Amino acid sequence: MIVRLLSTLMLLWALGFALFATTLPHPADDRVTDGIVVLTGGPGRVQRGVALLQAGRARRMLVSGVDRQVRPAELATINRFPHALLSRIDLGADAVDTRSNGDEAAAWVTSYRFRTIRLVTTDWHMRRGLLELGQRMPKDVTLLPDAIPSTPTFMALLREYNKYLLRRAATLIGR
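Now for a description of the structure that goes with this document. Every chain is numbered independently, its residues counted from 1 as its sequence is written. The predicted nature of this model means local features are confined to residues of pLDDT at least 70 and side-chain atom pairs, given and counted, to a pLDDT of 80 or more, with totals for whole chains, interfaces and linings taken over all residues. As a rule here, side-chain values come from all non-hydrogen atoms in the structure, and water together with hydrogens is ignored.

### With respect to the overall build of the chain
- Of regular secondary structure, the chain possesses six helices and five strands.
- Think of it this way: any DSSP run of H or I at least four residues long counts as a helix, any run of E at least two long counts as a strand, and we number them from the N terminus. Ordered by position in the sequence, the α and β elements of the chain form the string α-β-α-β-α-β-α-β-α-β-α.
- Here the radius of gyration uses the C-alpha set of atoms, whereas the globule reference equals 2.2 Å times the residue count to the power 0.38. Radius of gyration (C-alpha) of the chain: 17 Å, near the 16 Å computed for a compact globule of 175 residues.
- Oriented by its inertia axes, the alpha-carbon framework of the chain measures out at about 65 × 35 × 30 Å.
- Only protein chains enter the area calculation, which uses a 1.4 Å probe; residues under 20% of their type maximum are buried, those over 50% are exposed, and those in between are partly exposed. Classification of the 175 residues of the chain by burial places 42% in the buried group.
- Contact definition: two residues touch when any of their heavy atoms are within 4.5 Å. Considering only contacts in the chain between residues 6 or more positions apart, those separated by 24 or more positions represent 79%.
- Residues scored as charged are limited to Lys and Arg (positive) and Asp and Glu (negative), so that His and the chain ends carry no count. The location of each charge is read from NZ of Lys, CZ of Arg, CG of Asp or CD of Glu. Of the charged side chains in the chain, 24 are positive and 15 negative; the average position of the first set lies 4 Å away from that of the second.

This is the structure in structure tokens:
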């Protein structure tokens, strides 16, 4: 009985992983949102957010999880965008993980009274990003996932899938 239960759970886990790995989210369309939230930690994320901001796809952008030592002008120089754009970009230095990205982004969204947010992160990280931000956002805020395509390794996908499952389980028990 226990062996069958464990075998069934392992099969469900493996099928879930296969689905997770083969259906990674894609970039979003060109619709306009009130704001853009970029989660730091992967290549191309800040550049994608800046390109969207420059294209008029949002009024403001939050880069969540920025190292406290990074200054706005330094961010502009490193990511090669006009310093004039910095007046529309907020740097969040309080987040240290995806969960605290959610807290930081929710406070930012509330302060500007935004109703639509484009979330920019890497494709393999998008599901957990949406989960964490969705848990913390005001209920009337709509999140638009805008995934950066990548080529993650098997182990990176495996780690992210397990983190995602653990966070889903934690939300079920209220954590």
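### A closer look at the environment of E132
- Relative to the helices and strands, E132 is located in helix α5 (residues 126-136).
- Separated by 25 residues in sequence, E132 and A107 have C-alpha atoms that sit 13 Å apart.
- If sequence neighbours within four positions are ignored, E132 has contacts with T98, R99, G102 and R167.
- Here a polar contact is taken to be a pair of N or O atoms separated by no more than 3.5 Å, where protein atoms must pair a possible hydrogen donor with a possible acceptor and residues adjacent in sequence count only if both atoms sit in side chains. Reaching out from E132, the side chain makes a polar contact with the side chain of R136 at a distance of 2.9 Å.

### Some remarks on the nonpolar core
- We define the nonpolar core as a collection of buried residues of types Ala, Val, Leu, Ile, Met, Phe, Trp, Tyr and Cys that are connected through side-chain atoms lying within 4.5 Å of one another. Among the nonpolar cores identified, the biggest contains 18 residues, and I36, V50, M61, V63, F81 and I89 are the most heavily contacted of them.
- Those elements giving two or more residues to this core turn out to be β1 (35-39), α2 (45-54), β2 (60-64) and α3 (72-79).
- Here the element with the most residues in this core is α2; it accounts for four residues.
- Once you skip the residues sitting within four places of it in the chain, I89 turns out to touch V50, L53, R60, M61, V63 and F81.
- Core analysis: the second largest hydrophobic core is formed by 16 residues, L39, F114, I117 and A147 among them.

### Digging into unusual backbone geometry
- At R80, a residue that is not glycine, the phi angle is positive and equals roughly 55 degrees.
- With respect to the element layout, R80 can be found in the loop between α3 and β3 (89-92).
- We note that R113 has phi near 55 degrees; this positive angle belongs to a residue other than glycine.

### Brief notes about the packing of helix α1 (residues 2-22) against helix α6 (residues 154-172)
- Between the N-to-C directions of two axes lies an angle of 0 to 180 degrees, each axis being a line fitted to C-alpha atoms and, for a helix, fitted only over the stretch in contact. For the pair α1 and α6, interaxial distance at closest approach is 10 Å and the crossing angle is 115 degrees. In terms of orientation, α1 lies roughly perpendicular with respect to α6. The chirality of how α1 crosses α6 is right-handed. Packed against α1, whose contacting residues are L12, W13, G16, F17, F20 and A21, the element α6 presents F154, L157, L158, E160, Y161, N162, Y164 and L165 at the interface.
- Among the residues forming the contact of α1 with α6, the class breakdown is eleven nonpolar, two polar and one charged. Orientation labels follow simple angle bins: below 35 degrees gives roughly parallel, above 145 gives roughly antiparallel, 65 to 115 gives roughly perpendicular, and whatever is left gives oblique. The sense of a crossing depends on the near helix, which, turned anticlockwise from the far helix by less than a right angle, makes the crossing left-handed and, turned clockwise, makes it right-handed. As a working rule, the residues Ala, Val, Leu, Ile, Met, Phe, Trp, Tyr, Cys and Pro are called nonpolar, Asp, Glu, Lys and Arg charged, and the rest polar, with Gly in that last group.

### Notes on the pairing of β2
- Among the five residues that make up β2, five are buried, leaving the element largely enclosed by the rest of the structure.
- Burial along β2 is two-sided: R60, L62 and S64 facing one way and M61 and V63 facing the other are all buried.
- Bridge count for β1 against β2 is five bridges, and the pairing is parallel. Looking at the pairing, V38 lines up with V63 of β2.
- Classification remark: right-handed applies to a crossover when, strands pointing away from the viewer, the course from the first strand over the helix to the second runs clockwise. Each parallel crossover has a hand, and for β1 linked through α2 to β2 it is right-handed.
- Paired strands, in this sense, are two strands between which DSSP finds at least two bridges. Note that β2 and β3 share four bridges and pair parallel. Looking at β3, one finds that M61 is bridged to I89.

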